[in-house]
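Understanding the architecture of this molecule
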Amino acid sequence: MAKKRIVVALSGGVDSAVAAALVKADTAIHMTNWNLRDEADDSVCNASTDWRDAQQVAQHLHIPLRRARLEADYWLTVFEPFLEKLKEGEMGNPDILCNRQVKFGSLLDTIGDQLLATGHYARLWHRRGDCAIPECVQDRMREQDIDWLRKWGPNSTPLLLQAADQTKDQSYFLAASPGHRFQNVIFPLGDLCKSSSRN
């Protein structure tokens, strides 16, 4: 069975760059979610700057980079629903919608049958065979829940877990994504503590 290629979602930021280096990604993909014509030239968070930063990281790591233009998907499945909720007086979180609809939706569909690595601080537990239940899971569960997990099938949906560094944990922003979408996902930063890199 051939080993799956690893595609890293490269935003241009530090976390995705570190993730790319850790997994020795085969290739990188940069997601553009916002139409550049809708941005002011002096915008602090500028898609053109992010793209240039992603290109520099990919060049430094010697990995090919391509761009996924997902502006329409973002507009229709994230931004418009967010505005509708605001009109109804609800304060939604577009980051949660973006992860569910775009990053672990459209982007995963774009890369096909490859592994997607991202710079999120979260962990996944893939039950394979008779593997042990992670201590971080057991510490927070009742005995009957642990028994249920032991019976959980080897090809079941991965379990989303908090990152080791709870001050950086982003599992909350991923929790609305359907679990089966994480089947081919890797979170290389999940077991790391960001503060340890400063020591």
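Anything mentioned here points back to the structure above.
Our subject in this report is the structure included herewith. What you see is a predicted model, and the numbers here were worked out from it, not measured in a lab.

**Section: the sheet that holds strand S4 (residues 115-117)**
Read across the sheet, five strands follow the order S3-S2-S1-S4-S7 without closing on themselves; strand pairing throughout is parallel. The strands lining the two open edges of the sheet, one partner per strand, are strand S3 (65-69) and strand S7 (185-186). The pairing of S4 with S7 spans two bridges and is classified as parallel. Counterpart to Ala117 in the pairing with S7 is Ile186. Packed onto the sheet, helix H2 (residues 47-61) meets strand S2 (27-32) and S3 and runs at close to 155 degrees relative to S3.

**Quick word on the packing of helix H3 (residues 71-87) against helix H4 (residues 94-111)**
When two helices pack together, their arrangement is given by the angle between their axes and by how far apart the axes lie. Packing of H3 against H4 brings their axes to within 9 Å, and their N-to-C directions diverge by 160 degrees. Regarding the angle of H3 to H4, the classification is roughly antiparallel. The interaxial crossing formed by H3 with H4 has right-handed handedness. Within the contact between the two elements, H3 uses Asp73, Tyr74, Thr77, Val78, Pro81 and Phe82 and H4 uses Pro94, Leu97, Cys98, Gln101, Val102 and Ser106.

**Structural notes on the pattern of salt bridges**
Tallied over the entire structure, the rule returns six salt bridges. With its nearest N and O atoms 2.8 Å apart, the salt bridge here joins Glu71 to Arg69. Residue classification places Glu71 among the buried residues on the basis of a relative accessible area of 15%. Residue classification places Arg69 among the partly exposed residues on the basis of a relative accessible area of 48%. Taking the shortest distance from any N to any O, the salt bridge between Asp109 and Arg181 comes out at 2.9 Å. One end of the pair, Asp109, is in helix H4; the other, Arg181, is in the loop between helix H7 (171-174) and S7, and 72 residues separate them in sequence.

Calculation rules
Along each chain, residue indices are assigned from 1 in the same order as the chain's sequence is written. pLDDT decides what is reported in this predicted model: residues at 70 or higher carry local features, side-chain atom pairs at 80 or more are listed and counted, and totals for whole chains, interfaces and linings draw on all residues regardless. Excluding hydrogens and water, the side-chain figures rest on all heavy atoms present in the structure. When DSSP locates at least two bridges between a pair of strands, those strands are taken to pair. A helix here means a DSSP run of H or I that spans at least four residues, while a strand means a run of E at least two residues long, and both kinds are numbered starting from the N terminus. We call two residues in contact when some of their heavy atoms are within 4.5 Å. Fitted lines through C-alpha atoms give the axes, limited to the stretch in contact for helices. The angle between two N-to-C directions lies from 0 to 180 degrees. Should an angle fall under 35 degrees it is taken as roughly parallel, and over 145 as roughly antiparallel, whereas 65 to 115 is taken as roughly perpendicular and any remaining angle as oblique. Should the near helix be turned anticlockwise from the far one by less than a right angle, the crossing is termed left-handed; should it be turned clockwise, right-handed. Salt bridge, as used here: a side-chain nitrogen of Lys or Arg that lies within 4 Å of a carboxyl oxygen of Asp or Glu. In this scheme, a residue with accessible area under 20% of its type's maximum is buried, one over 50% is exposed, and one in between is partly exposed, where area comes from a 1.4 Å probe on protein chains only.

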